[in-house]
Amino acid sequence: MVASTYYAACERIEANGDRQVFAVVCLTKHNRRSTDGHVFGYKDMTEHMGPCESECPAAILDELTATDSEYALDWRARCRANLIRRKLEQAKPTPKPGQTIIFDEPMRFSDGSDRARFEVVANPKGKTPLFRDPESLAICRIPAFRKRAYRIVHAAIVVRDAANG
């Protein structure tokens, strides 16, 4: 299970002894408060149907046999790409309170300004850090910040803007 999606490797052996291992993807939904009594639902599909969900673990992908299905090959490639992306995201240094983080791409805020530099602030309600704009001192959340390119600057190091000298 990855979140609410179930991934499995299924083996099919033909009468002549040919063996095929393919992926099965099941979308699941659990609703304990269902008024009609249907508390669990699922939708199953194979990799040959080209499912949108592509977070299959490597252990399952490694079990699959060769295929010539374009949908399956595309799905497997997306799964492998997502595994690499996740590994790279996890390898990034985790910003700690007191550090300065600089994003490669500035973000546009509701006041119309673009900001890329923030001070990392401890989040009293969770593990995900909060970020403070050093100019306005506004504290904000940056959803999925690990998916963005960034660098962490030690608090004692002052980075100068190349345009301002």
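You'll find the structure just up there.
Conventions we followed
- Residues numbered from 1 in each chain as written.
- Predicted model: local features only at pLDDT ≥ 70, side-chain atom pairs only at ≥ 80, totals over all residues.
- Heavy atoms only, no water.
- Pairing = 2+ DSSP bridges.
- Helix = DSSP H or I, 4+ residues; strand = E, 2+ residues; numbered from the N terminus.
- Axes fitted to C-alpha atoms, helices over the stretch in contact; angles between N-to-C directions.
- Core = buried A, V, L, I, M, F, W, Y, C linked by side-chain atoms within 4.5 Å.
- Buried < 20%, exposed > 50% of the residue type's maximum accessible area, 1.4 Å probe, protein only.
- Contact = heavy atoms within 4.5 Å.
- Patch = residues over 30% accessible without salt bridge, like charges linked within 9 Å, V, L, I, M, F, W, Y side chains within 5 Å.
- Areas by Shrake-Rupley, 256 points an atom, 1.4 Å probe, with all protein chains shown as cover.
- Salt bridge = Lys/Arg side-chain N within 4 Å of Asp/Glu carboxyl O.
- Phe/Tyr/Trp six-rings, centres within 6.5 Å; stacked < 30°, edge-to-face > 60°.

Caption draft 1: Structural context of the sheet that holds strand β1 (residues 5-13). The sheet built from 3 strands is open, its strands ordered β1-β2-β3 with antiparallel pairing. For this open sheet the edge positions go to β1 and β3 (40-46), each flanked by a neighbour on one side alone. Across the sheet, the mean angle separating the axes of adjacent strands is 25° when strand polarity is ignored. In terms of strand pairing, β1 meets strand β2 (residues 19-30) through 9 bridges, oriented antiparallel. The residue of β2 that forms the bridge with Tyr 7 is Val 25.

Caption draft 2: Just the environment of Gly 50, in detail. With respect to the helices and strands, the residue Gly 50 is situated in the loop between β3 and α1 (58-61). Taking the C-alpha atoms as reference points, Gly 50 and Trp 75, 25 residues apart in sequence, are found 5.9 Å from one another.

Caption draft 3: Representation of the nonpolar core. Within the largest apolar cluster, 12 residues are counted, these being Tyr 7, Val 21, Ala 23, Val 25, Met 45, Cys 56, Ile 60, Leu 61, Leu 64, Trp 75, Cys 79 and Leu 83. Listed by contribution, the elements that provide at least two residues to this core are β2, α1 and α2 (70-91). Leave out the neighbours within four places in its chain, and Val 25 touches Thr 5, Tyr 6, Tyr 7, Lys 43, Asp 44, Met 45, Pro 51, Glu 53 and Trp 75. Phe 131, Ile 142, Phe 145 and Tyr 150 belong to the second-largest nonpolar core, a separate cluster that totals 10 residues.

Caption draft 4: Summary view of the environment of His 30. Residue placement: His 30 occurs in strand β2. Between the C-alpha atoms of His 30 and Ala 58, which are 28 residues apart in sequence, the distance is 26 Å. Residues contacting His 30, with those up to four places away along its chain left out, are Val 39 and Phe 40.

Caption draft 5: A nonpolar patch on the surface, seen in detail. A surface patch of nonpolar side chains, about 330 Å² in accessible area, is lined by Val 39, Phe 40 and Tyr 42. If you trace the backbone, Phe 40 turns up in strand β3.

Caption draft 6: Broad picture of the packing of aromatic side chains. Scanning the entire structure with this criterion turns up 9 aromatic pairs. An angle of 55° between the planes, with centres 6.0 Å apart, marks the rings of Phe 109 and Phe 118 as tilted. For the pair Phe 118 and Phe 131, a centre-to-centre distance of 6.3 Å together with 70° between the ring planes defines the contact as edge-to-face. Of this pair, Phe 118 sits in strand β5 (residues 114-121) while Phe 131 sits in strand β6 (residues 130-132); the two residues are 13 residues apart in sequence, bridging distant segments of the chain. There is no split in this pair, since Phe 118 and Phe 131 are both buried. Members of the aromatic cluster, connected to one another through ring pairs, are Phe 103, Phe 109, Phe 118, Phe 131, Phe 145 and Tyr 150.

Caption draft 7: Up close: the sheet that holds strand β8 (residues 150-153). The strand order across the open sheet built from 5 strands is β7-β6-β5-β4-β8, with neighbouring strands paired in antiparallel fashion. Strands with a single pairing partner mark the edges of an open sheet, and in this sheet they are β7 (139-140) and β8.

Remember, this is a structural readout, not a statement about activity or role.
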